[in-house]
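Each chain, letter by letter, is given below.
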Amino acid sequence: MKLNTPATFEEAAKYEPDAIIAALGAKAIVPTFIEGWDRANVFSAEDVYCDLSKAGDRVVILGAGLVGCELSLHLAMNGRKVTVLEKASVPNFEGNLLHGDAVMQKMKELGVELKTGSKAERIDDSGVITSDGTHYSADTVIYAVGQRSRFEETDELRFAAGEFYSVGDCNIPATIAKANKEAYYAARDIGRL
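Residues numbered from 1 in each chain as written. Predicted model: local features only at pLDDT ≥ 70, side-chain atom pairs only at ≥ 80, totals over all residues. Heavy atoms only, no water.

(A) Expanded view of the overall build of the protein chain. Secondary structure assignment for the protein chain yields 6 helices and 12 strands. When the backbone C-alpha atoms are referred to their principal axes, the protein chain occupies close to 55 × 35 × 30 Å. Expressed as a percentage of the 193 residues in the protein chain, the buried residues total 38%. Partitioning the intrachain contacts of the protein chain with sequence separation of at least 6 by distance along the chain shows that 67% fall at a separation of at least 24. Working note: accessible area of the protein chain is about 11100 Å², and carbon and sulfur atoms make up 52% of it. Between the averaged position of the 21 positive side-chain charges in the protein chain and that of its 29 negative side-chain charges there is a distance of 3 Å. (Helix = DSSP H or I, 4+ residues; strand = E, 2+ residues; numbered from the N terminus. Buried < 20%, exposed > 50% of the residue type's maximum accessible area, 1.4 Å probe, protein only. Contact = heavy atoms within 4.5 Å. Areas by Shrake-Rupley, 256 points an atom, 1.4 Å probe, with all protein chains shown as cover. Lys, Arg positive; Asp, Glu negative; His and termini not counted. Charge placed at Lys NZ, Arg CZ, Asp CG, Glu CD.)

(B) Highlighting the packing of helix α3 (residues 66–77) against helix α4 (residues 97–110). The geometry of α3 relative to α4 is characterised by a closest axis approach of 10 Å and an angle of 35° between their N-to-C directions. In the packing of α3 onto α4, the handedness of the crossing is left-handed. Here Leu66, Cys69, Glu70, Ser72, Leu73, Ala76 and Met77 of α3 lie close against α4, whose contacting residues are His99, Val103, Lys106, Met107 and Leu110. (Axes fitted to C-alpha atoms, helices over the stretch in contact; angles between N-to-C directions. Left-handed = near helix turned anticlockwise from the far one by under 90°.)

(C) Just the sheet that holds strand β10 (residues 140–143), in detail. Pairing is parallel in the open sheet, where 5 strands are placed in the order β3-β10-β4-β5-β6. What marks the edges here is a single partner per strand, and that holds for β3 (42–44) and β6 (113–116). Looking at each pair of strands side by side, their axes are set apart by 20° on average, direction ignored. Where strand β4 (residues 58–62) and strand β5 (residues 81–86) come together, 5 bridges link them in parallel fashion. Paired with isoleucine 61 across the bridge in β5 is valine 84. (Pairing = 2+ DSSP bridges.)

(D) Structural context of the side chain of serine 118. As for its position among the elements, serine 118 is in the loop between β6 and β7 (120–124). What makes serine 118 buried here is its relative accessible area of 10%. If we skip the residues at most four places from it in the chain, serine 118 touches Leu85, Glu86, Lys87, Thr130 and Tyr136.

Shown next as structure tokens:
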């Protein structure tokens, strides 16, 4: 295993692999459509998961999918006051309804405020302003507005081995269950081509 090393064609080809299973994941969509997205107090969900100290005492999370809602629980359990803003009328749990119900219940228990129908328009020093003019105070704003597949990075590995499989979010951002299923079939099929 080699950590902290980009998965490039050159790096993979050095090992002369018979097969590659690419599971490069996805990257966060950066909300460049929101004024102030590039401020020093704005981070991706992944940034905060990797370094909790980036989150101040009052946090606004943009996006009520599984990533945003689960992050709200993590932050609330670590003493932050959290508000989750979602432009749609309901959170999006990607078909994981039972898990979504459990997450929603825990959000209520921990005092996480969920505001649906709230589209972020602007981020400033004091928080987030929505399209209806409502201001939500925050020291830190975290975006969890979706994922984009790593098609280019994945495709670069395609000819570094005789057999190539891509699994999980590097194909289409989805769920861990789908990624595990794809990985199972890829591993099972090695050598069958």
